[in-house]
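Survey of secondary and tertiary structure
Here is how the chains run, residue by residue.
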Amino acid sequence: MRRIAWGVAALLLIMVVLTGCGQKNAADIVSDLSKRSEKMEGYTTKAKMTIHTGSTPQIYEVEVWYKQPHFYRVSLKNTKKDITQILLRNDDGVYVLTPHLNKSFRFQSDWPESSGQIYLYQSLINSIINDSSRRFKVVSDGYQFEVRSKTNNQTLSRQRIWLNKDLYPTKAELLNDQDQVMVEVTFDRFNTDPSFDQDAFDMNRNMSGLNDQVLPSMRNARTDKNHSEKEVNTMVPGYVPKGSRLVDEQTVASMEGEVVIMRYQGKQPFTLTQKNPDAVQASAPMYGQPVDLGYTVGVLLEGSEKKRLSWTHNGTDFELYGNLPVTEMVKIAQSVQDQPQK
């Protein structure tokens, strides 16, 4: 009897050990992520983001810095055009910086809490925690979740998130209603014990750091007197709301050069303008809401009658005016970047 008793005890002990060493389930991981989110002091990560919304994939190098409690620096570099944009948050507010154009936009915003960029670890954590209908499975090198997305584009309804066994992201995808991958982020490295300079999140530091490298050559190349007369290579949106059509296009002169104005009429009328400003002309900070367009970050200003969505891409300033839903304005803006020039 004693041998049987010892045998049963040994078996129970083995079962307890095996259970303790087994794979975590979704509830375990959600609990661990909640604790990590509360205690996380900072991190840096690098990633590659590929956007498949157009006919040609757009690839960006992404670098994220975070420091407790609310300091963020996100660098988005278009690898093909060698153009960098910085999304910054510090004690003074939220900024979108385009250093090679010496431009800055300032926001009164709770970003990133109000958005769901998949290159931010906190956004991925919150997406997993907040979606009670999450799907979960164990994969060879960690865990995979499928959850609802939180973006400005309602057609990108879901996202897949891969975590390694230490619960850090290795990959994330945004999917449309047809289960097609529209945006993909692959994380290259993750440093959870970073050391930042005192002014790492300062707006002027981040503007001048890249300006010193980029702007001198641009200044030399753009000193000719006829710069203000240069032509704009017009971009036409690939998406236009149903029932709307282009009725007028004209080019007018301004202090910053030619401005192309395209007017659309119909059920959802809107106006799209574009210009190529002087690279060294600074713009005053603007107040509004940041809008993630995928390939860049726009500025949304909402008036009593019309909204204005502004963004910069490949050296061209775009502005979209209209009383459209924000989701429609985002779709129009996103469709411009992949269209051929006229």
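Located above this text is the structure these notes cover.
Okay, so let's go over this structure. None of the values given here were measured: they were computed from a predicted structure.

Our focus in this paragraph is the overall build of the chain. Counting secondary structure elements, the chain contains five helices and 18 strands. Counting the 342 residues in the chain, one finds 46% classified as buried. Here the contacts in the chain between residues at least 6 apart in sequence split such that 51% fall between residues at least 24 apart. Total accessible area on the chain is roughly 18,100 Å²; 48% of this is exposed by carbon and sulfur atoms.

Our next topic: the sheet that holds strand S17 (residues 307-313). Strand order in the open sheet made by the seven strands is S12-S13-S14-S18-S17-S16-S15, with antiparallel pairing throughout. The sheet terminates laterally at strand S12 (244-254) and strand S15 (289-292), the two strands that pair on one side only. Neighbouring strand axes in the sheet, compared pairwise and without regard to direction, differ in orientation by 20° on average. Here S12 runs beside strand S13 (residues 257-266); their pairing, made up of 10 bridges, is antiparallel. Residue pairing in the sheet places Glu-249 in a bridge with Met-262 of S13.

Our next topic: the pattern of salt bridges. Under the counting rule described, the total for this entry stands at 15 salt bridges. Put simply, Asp-32 and Lys-24 hold a salt bridge, and the shortest N to O gap is 2.6 Å. Residue Glu-146 is joined to Arg-160 by a salt bridge in which the shortest nitrogen-to-oxygen separation is 3.4 Å. Of the two residues, Glu-146 sits in strand S8 (residues 142-148) while Arg-160 sits in strand S9 (residues 158-164), which places them 14 residues apart along the sequence. Note on accessibility: Glu-146 and Arg-160 belong to one class, buried. Among the ionic contacts, a cluster of salt bridges with common partners joins Arg-135, Glu-146, Arg-158, Arg-160, Lys-171, Glu-173, Asp-179 and Glu-184.

Turning to the packing of aromatic side chains, a few remarks are in order. In the structure shown here, the tally under the stated rule is 16 aromatic pairs. Here the aromatic rings of Phe-196 and Phe-201 are separated by 5.2 Å at their centres, their planes lie at 65°, and the arrangement is edge-to-face. In this structure Phe-201 comes out as buried when scored by relative accessible area, which is 7%. Counting every residue linked through ring pairs, the aromatic cluster contains Tyr-43, Tyr-66, Tyr-72, Trp-111, Tyr-121, Tyr-168 and Phe-190. If you follow Arg-36 out to its NZ or CZ, it ends over the ring of Tyr-168, 4.2 Å from the centre. The ring of Trp-162 is capped by Lys-171, whose NZ or CZ atom sits 5.1 Å from the centre of that ring.

Judged by nonpolar contacts, the single largest core of 65 residues is most densely connected at Met-49, Val-74, Tyr-119, Leu-309 and Trp-311. The next biggest cluster of nonpolar side chains, apart from the first, holds 10 residues, and it includes Tyr-95, Leu-97, Phe-201 and Met-207.

Pairing analysis gives four bridges linking S15 to strand S16 (residues 297-302), with the strands arranged antiparallel. Of the residues in S16, the one forming a bridge with Val-291 is Gly-298. Sheet analysis places S16 next to S17, joined by four bridges and oriented antiparallel. Opposite Val-299, over in S17, you have Ser-310 as the bridge partner.

Calculation notes
- Residues numbered from 1 in each chain as written.
- Predicted model: local features only at pLDDT ≥ 70, side-chain atom pairs only at ≥ 80, totals over all residues.
- Heavy atoms only, no water.
- Helix = DSSP H or I, 4+ residues; strand = E, 2+ residues; numbered from the N terminus.
- Buried < 20%, exposed > 50% of the residue type's maximum accessible area, 1.4 Å probe, protein only.
- Contact = heavy atoms within 4.5 Å.
- Areas by Shrake-Rupley, 256 points an atom, 1.4 Å probe, with all protein chains shown as cover.
- Pairing = 2+ DSSP bridges.
- Axes fitted to C-alpha atoms, helices over the stretch in contact; angles between N-to-C directions.
- Salt bridge = Lys/Arg side-chain N within 4 Å of Asp/Glu carboxyl O.
- Phe/Tyr/Trp six-rings, centres within 6.5 Å; stacked < 30°, edge-to-face > 60°.
- Lys NZ or Arg CZ within 6 Å of the ring centre and 35° of its normal.
- Core = buried A, V, L, I, M, F, W, Y, C linked by side-chain atoms within 4.5 Å.

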